[in-house]
Amino acid sequence: MKKLFILCSIFCLIVGLSTSCIAAEALTIKGDIRVEYDNWLSRDKNEDGVSETRTEALYLERVMLKFLYNPGNNTTAAVVARCDGDSYAGTDRVDFYIYNAFVKHTVMDNQLAFTLGKFNIHVPTVYGIRGPNTYSYAYFTKEKKNGAMASFSAMPELNLNLNLALTDEVQTDTENSRPYTVYLNGTYKPIDALSIFLGVKRAPEFDKITDESVYDLEYTLAAKYVVDKLTTTAEFYQEAKDSDDEERSVINLGASYQVTDTIKPYLAVESIDDGTDDKSGPEMNIIAGASYKASENLTYSLEIDNTMDEDSNVDDQTKLGLLARYTF
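Residues numbered from 1 in each chain as written. Predicted model: local features only at pLDDT ≥ 70, side-chain atom pairs only at ≥ 80, totals over all residues. Heavy atoms only, no water.

Colleague: Honestly, the pattern of salt bridges in this entry has me stumped. Any pointers?
Modeller: Across all of its chains, the model carries 7 salt bridges by this definition. A salt bridge links Lys201 to Glu218, with the nearest nitrogen and oxygen atoms 3.7 Å apart. Taken together, the residues span a long stretch of sequence, with Lys201 in strand S9 (residues 194-207) and Glu218 in strand S10 (residues 212-227) at a distance of 17 residues. Look at Lys201 and you get partly exposed, because its relative accessible area is 22%. (Salt bridge = Lys/Arg side-chain N within 4 Å of Asp/Glu carboxyl O. Helix = DSSP H or I, 4+ residues; strand = E, 2+ residues; numbered from the N terminus. Buried < 20%, exposed > 50% of the residue type's maximum accessible area, 1.4 Å probe, protein only.)

Colleague: Can you help me understand the packing of aromatic side chains in this one?
Modeller: Evaluation of the coordinates by the stated rule reveals 2 aromatic pairs. With a centroid separation of 6.3 Å and 40° between ring planes, the pair formed by Tyr326 and Phe328 is classed as tilted. Sitting over the face of the ring of Tyr99, Arg82 holds its NZ or CZ atom 4.7 Å from the ring centroid. Over the face of the ring belonging to Tyr215 we find Arg202, whose NZ or CZ atom lies 3.7 Å from the ring centre. (Phe/Tyr/Trp six-rings, centres within 6.5 Å; stacked < 30°, edge-to-face > 60°. Lys NZ or Arg CZ within 6 Å of the ring centre and 35° of its normal.)

Colleague: Please clarify how the pairing of strand S7 (residues 160-168) should be interpreted in this entry.
Modeller: Consecutive residues of a regular strand have side chains that alternate between opposite faces of the sheet. Two strands pair when backbone bridges link them, and strand S6 (residues 146-153) and S7 are joined in this way by 7 bridges, in the antiparallel orientation. Across the sheet, Ala150 pairs through a bridge with Leu164, a residue of S7. Once S6 ends, the chain turns through 6 residues before running back antiparallel as S7, passing Asn159 with a positive phi of about 55°. Judged from the 9 bridges that link them, S7 and strand S8 (residues 180-191) form a sheet pairing that is antiparallel. Pairing of Leu160 across the sheet is with Tyr188, part of S8. (Pairing = 2+ DSSP bridges.)

Colleague: So what exactly am I meant to see when it comes to a negative patch on the surface here?
Modeller: A grouping of Asp242, Asp244, Asp245, Glu246, Glu247, Asp273 and Asp274 is seen on the molecular surface, where their side chains present a negatively charged patch. Along the chain, Asp242 falls in the loop between strand S11 (230-240) and strand S12 (249-257). (Patch = residues over 30% accessible without salt bridge, like charges linked within 9 Å, V, L, I, M, F, W, Y side chains within 5 Å. Areas by Shrake-Rupley, 256 points an atom, 1.4 Å probe, with all protein chains shown as cover. Lys, Arg positive; Asp, Glu negative; His and termini not counted. Charge placed at Lys NZ, Arg CZ, Asp CG, Glu CD.)

Following this line, the structure appears as structure tokens:
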């Protein structure tokens, strides 16, 4: 009996070690660490002519870890944890949160996929260290909402990918129904060099004036053209709101050029119309910079951002940024 117990124990230990080795082989861990220095050469001021927030900052911009589990059975699981330093708001607050956490299952030779959990729905065109001063920060939220998504890849010769997602939404009026947001977007490549993206978002909102539940729409049309070492992008974003008269629209044009294997300069110009009935015209953002790939894992970026807004108490806001990014 004692020998049988020892044999069973050895067998269980071997099975446990084998399972652990298989699990370790199926698990992939990736990381992204960013340290940033910002210096506002000119900045918006209050009525007394004093800048309300600090004009210089050195901070840990991001620490991100991605855990991807792929046992090889058409089902994968991913968890992305992030810790962000909130320097944009002029505070020392650090936020730690689960950025993504989802399970994905594919069928039909990976043509159809179902995703459940917290996930990315739309990946926009963003250039530079932080992107434009206003639009990139206000438009994209850090935490993704819980939901489900179906993704379909059409025949290879069509180069068409479609995504339909439903996510849970927080709203004031939740007595009659459970509000949710609908995302529908697609990517099409008519030729290898050109990619076209079209996205529509339908989100529930609450109209405080009519005291009714309404729906707001957002449209995004983007194109990316790559030829040799040159990459150009164009993006148009438009809001169509039932809950508010102010409907923002954004036009973003960008370009980058891979001069060498390690050096890539980039330029982006952005026009933002906030939808208000003023005569100052749209806000303009100009972003110019360059990235240097010091090694396989380490990249440095130097960037200058200029925001021209006639509503501001100064003619323009200019920020100089230096970023060190380490990935593994």
